[in-house]
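If you want the building blocks of each chain, they are given just below.
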Amino acid sequence: MNEIDIKFLENVFKKYYFEHFDLIRVPERTSEREFGYQKFNSGMTRHISVKDDKELHLLLMQNIPSDVYCSNAYYTFPNLPMNEKDWKEADLIFDIDAKDLNLSCRVNHTISICNVCNEISNNSEKCLKCNSTKLEKKSLPCKNCIDSSKTEVLKLTEILINDFSINKDDIHVYFSGNEGFHIYVYNSQLQQIGSRERSELVDYVMFNGAIPEKFGMKKFKPNRNSFPDFGGSGWRGRFSKYVFGSKSKRSKIISELISNGYSSFQKTLDDVSKNIGTKIDPNVTMDIHRIFRLPGSINSKSGLTKIYCKDLKKFDAYADSSFLSEDIVEVLANCPIEFKLKNKRFGPYNNEKVSVPTFTAVYMICKKLATIA
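What counts as what
- Residues numbered from 1 in each chain as written.
- Predicted model: local features only at pLDDT ≥ 70, side-chain atom pairs only at ≥ 80, totals over all residues.
- Heavy atoms only, no water.
- Buried < 20%, exposed > 50% of the residue type's maximum accessible area, 1.4 Å probe, protein only.
- Helix = DSSP H or I, 4+ residues; strand = E, 2+ residues; numbered from the N terminus.
- Pairing = 2+ DSSP bridges.
- UniProt positions renumbered as here; feature names shortened; annotations may be inferred.
- Contact = heavy atoms within 4.5 Å.
- Core = buried A, V, L, I, M, F, W, Y, C linked by side-chain atoms within 4.5 Å.
- Salt bridge = Lys/Arg side-chain N within 4 Å of Asp/Glu carboxyl O.
- Axes fitted to C-alpha atoms, helices over the stretch in contact; angles between N-to-C directions.
- Phe/Tyr/Trp six-rings, centres within 6.5 Å; stacked < 30°, edge-to-face > 60°.
- Lys NZ or Arg CZ within 6 Å of the ring centre and 35° of its normal.

Turning to the pairing of strand 7 (residues 110-114), a few remarks are in order. Among the five residues in strand 7, five count as buried, and that is most of the element. Burial along strand 7 is two-sided: Thr110, Ser112 and Cys114 facing one way and Ile111 and Ile113 facing the other are all buried. With five bridges joining them, strand 7 and strand 9 (residues 135-139) adopt antiparallel strand pairing. Bridged to Thr110 within strand 9 is Ser139. With three bridges connecting them, strand 7 and strand 8 (residues 120-122) associate as antiparallel partners. Paired with Ser112 across the two strands is Ser121, which belongs to strand 8. What sits between strand 7 and strand 8 in their antiparallel hairpin is a turn of five residues, with Asn118 showing a positive phi close to 65°.

Mapped onto the present numbering, the UniProt feature "active site" (unreviewed entry) falls at Asp95, Asp97 and Asp281. Spanning 187 residues, the named residues form one tight spatial group whose C-alpha atoms are at most 7.7 Å apart. Judged by its relative accessible area of 11%, Asp97 is buried. Contact partners of Asp97, with chain neighbours within four places excluded, come to Ser149, Glu179 and Gly180.

What follows is about the nonpolar core. Ranked by internal contacts, the top residues of the largest apolar core, which has 95 residues, are Phe94, Phe175, Phe181, Val331 and Met364. Look past the residues within four positions of Phe175 in its chain and what remains in contact with it is Ile146, Gly180, Phe181, Leu304, Thr305, Lys306, Ile307, Cys309, Phe315, Ala317, Tyr318 and Ser321.

Right, let's talk about the pattern of salt bridges for a bit. One pass over the structure, following the stated rule, counts 22 salt bridges. In this structure, Lys99 and Asp97 form a salt bridge, with 3.6 Å as the shortest nitrogen-oxygen distance. Between Glu152 and Lys155 there is a salt bridge whose closest N-O contact spans 3.2 Å. Here the residue Glu152 and the residue Lys155 both occupy positions in helix 3 (residues 143-164), the gap between them amounting to three residues, near one helical turn. In the salt-bridge network here, residues are joined through shared partners; they are Arg29, Glu32, Lys88 and Glu89.

With that settled, the discussion passes to the sheet that holds strand 7. Ordered in space as 8-7-9, the three strands form an open sheet in which the pairing is antiparallel. Every interior strand has two partners, whereas the edge strands, strand 8 and strand 9, have only one. Neighbour-to-neighbour, the strand axes of this sheet turn through a mean angle of 30°, independent of strand direction.

Moving on: the packing of aromatic side chains. For the structure shown, the criterion picks out 20 aromatic pairs. With centroids separated by 5.7 Å and ring planes inclined at 50°, the aromatic side chains of Phe175 and Phe315 adopt a geometry described as tilted. With Phe175 in strand 10 (residues 171-175) and Phe315 in the loop between strand 15 (307-308) and helix 9 (317-320), this pair connects stretches of sequence that are 140 residues apart. The burial state of Phe175 is the same as that of Phe315; both residues are buried. For the cation-ring pair, Arg25 lies above Tyr308, with the distance from its terminal atom to the ring centre recorded as 4.1 Å.

Next up, the structure:
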């Protein structure tokens, strides 16, 4: 990214943090958290201790970061090196991202940028200009991406409430500011569990490693009465609803499952896992020392805000997370697909000068699809 673009983004981000600091969700027990930030074209600065919201605001205004982070963990000494921090506990956080859902729509809104000659093309595997295979992929997610991610959030929330007795009010959902959601669990009995236990929790919510015996099937002489009842609780109940479809079909389908054999039943479990297991990023949940994007801060991959979703079903990701100026800016844009922000459509642009609102200019510059003219 060139200096002119960086200066433009820094000015826009500084104005945002000056005018919209009320959107920043300063976490509880602030002084026990580790903070970190990145600046444009520079590495991560972390192991920072912040006492309160005033000190955090000062940090943002002085440094004008491209991205701001805060730990889910609580430490005695958050500003010391990792092995000296004295870990206490950590909020449970899940990451659901459209890029991990294998959606067919993504081929239509993924752009390839050549790292050799900067040629931009529609989702190519080889540069159309210089034949290089050193390509960077940029996605401009669509409504289907967000809706599909919302579906995973709802599945996860149901599991947390029904299987782990988490209070609904202690589950907070945030749009990440790009193409997914972060789900925070506060004040639960899971605060103090470590990485190994969180790994087991991940397997549970993703429905990984399920064995036929758990659902009534045996290699020899399976017992019909061992199969899940329709409408049961937990994964046995979810299995029965998905596989049987209705209570009246249960007996017939059990007969078919037994007739098809053990190996076939394992394939049925794999299908269940693929379709009703929650698709999360396992590494995020298992990491008890990770620093996460701070709620209310700008995501430098898009210029959109990581924002709390009060009503997930009504939440419009690319309207409700855009808080930057409407002021018109002239950019040189090379964006071969159309995209939508704040209920307005933009593009496609073919290496042309266009006048667009600041929030649109920032979005394209962050995606490496435009530069200040």
